[in-house]
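Descriptive analysis of the structure
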Amino acid sequence: MAYVSIYRKYRPSGFSGVVGQDHIVRILKNQIKNDNIGHAYLFTGTRGTGKTSIAKIFARAVNCLSPLEDGSPCGKCEACKSFLENNSFDIMEIDAASNNGVDEIRE
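What you are looking at is a predicted structure, and each value in this text was computed from that prediction instead of being measured.

Moving on, we get to unusual backbone geometry. Located in the positive-phi region is Asp35, a residue other than glycine, with phi close to 50°. Within the secondary structure layout, Asp35 lies in the loop between helix H2 (22-33) and helix H3 (51-63). Of the residues examined, Asp35 reaches a relative accessible area of 66% and is grouped as exposed.

The end-to-end C-alpha distance of H3, which contains 13 residues, comes to 18 Å, matching closely the 18 Å that a straight helix rising 1.5 Å per residue would cover. For H3, the set of buried residues is Ser53, Ile54, Ile57, Phe58, Ala59, Arg60 and Ala61.

It is worth spelling out the layout of surface pockets at this point. It is the rolling of a water-molecule-sized probe over the atoms that shows where space remains empty. In this structure, the second largest pocket encloses a volume near 330 Å³. Lining the second largest pocket we find 13 residues, and of these Arg8, Arg11, Lys56, Leu84 and Asn86 sit closest to its centre. At the level of elements, helix H1 (6-9), H3 and helix H4 (78-84) are the ones that each hand at least two residues to the lining of the second largest pocket. Tallying contributions element by element places H3 first for the lining of the second largest pocket, with 4 residues. In the lining of the second largest pocket, the residues fall into 5 nonpolar, 3 polar and 5 charged.

Cut-offs applied
- Within each chain, residue numbers correspond to sequence positions counted from 1 in written order.
- Owing to the predicted nature of the model, reporting of local features is limited to residues with pLDDT of at least 70; listing and counting of side-chain atom pairs is limited to 80 or more, with chain, interface and lining totals taken over all residues.
- Hydrogens and water are ignored here; the side-chain numbers use all heavy atoms of the structure.
- Each helix is a run of DSSP H or I of at least 4 residues and each strand a run of E of at least 2, with the numbering of both proceeding from the N terminus.
- Each residue is assigned to one of three classes by its accessible area relative to the maximum for its type, calculated with a 1.4 Å probe on protein chains only: buried under 20%, partly exposed between the two thresholds, exposed over 50%.
- By this rule the span expected of a helix is its residue count minus one, scaled by 1.5 Å.
- In this analysis, the protein atoms alone were mapped onto a 1 Å grid. Cavities are point sets where a 1.4 Å probe fits without being able to get out; pockets are open sets with protein on both sides within 12 Å along at least five of seven lines; lining residues have an atom within 4 Å of a point.
- Grid points are joined across faces, edges and corners, and a volume is the space filled by probe spheres set on the points.
- Charged means Asp, Glu, Lys or Arg here, nonpolar means Ala, Val, Leu, Ile, Met, Phe, Trp, Tyr, Cys or Pro, and polar covers whatever is left, Gly included.

Dropping the structure here:
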């Protein structure tokens, strides 16, 4: 079994697991429920505040074929399963610390 860091092992899989960011979660869930999704989102803040976790949950919810009533991803459809298995072509995580040049982002 491969080593998995603690923050990845215990990363929340849905909006209900996010702690301390209720105002952000409420806004994102409302945008999904109202089908009012922007073309880009910028998650900023200090380390450890949940930027990547919330962005991943939001990306799953946007691509989910049958989101739950509160806007969370279902976790059961084909899109959710492929994302959880890191097989999704629609969602890609880019590390901004090492990919901060224009050419790296284009690639």
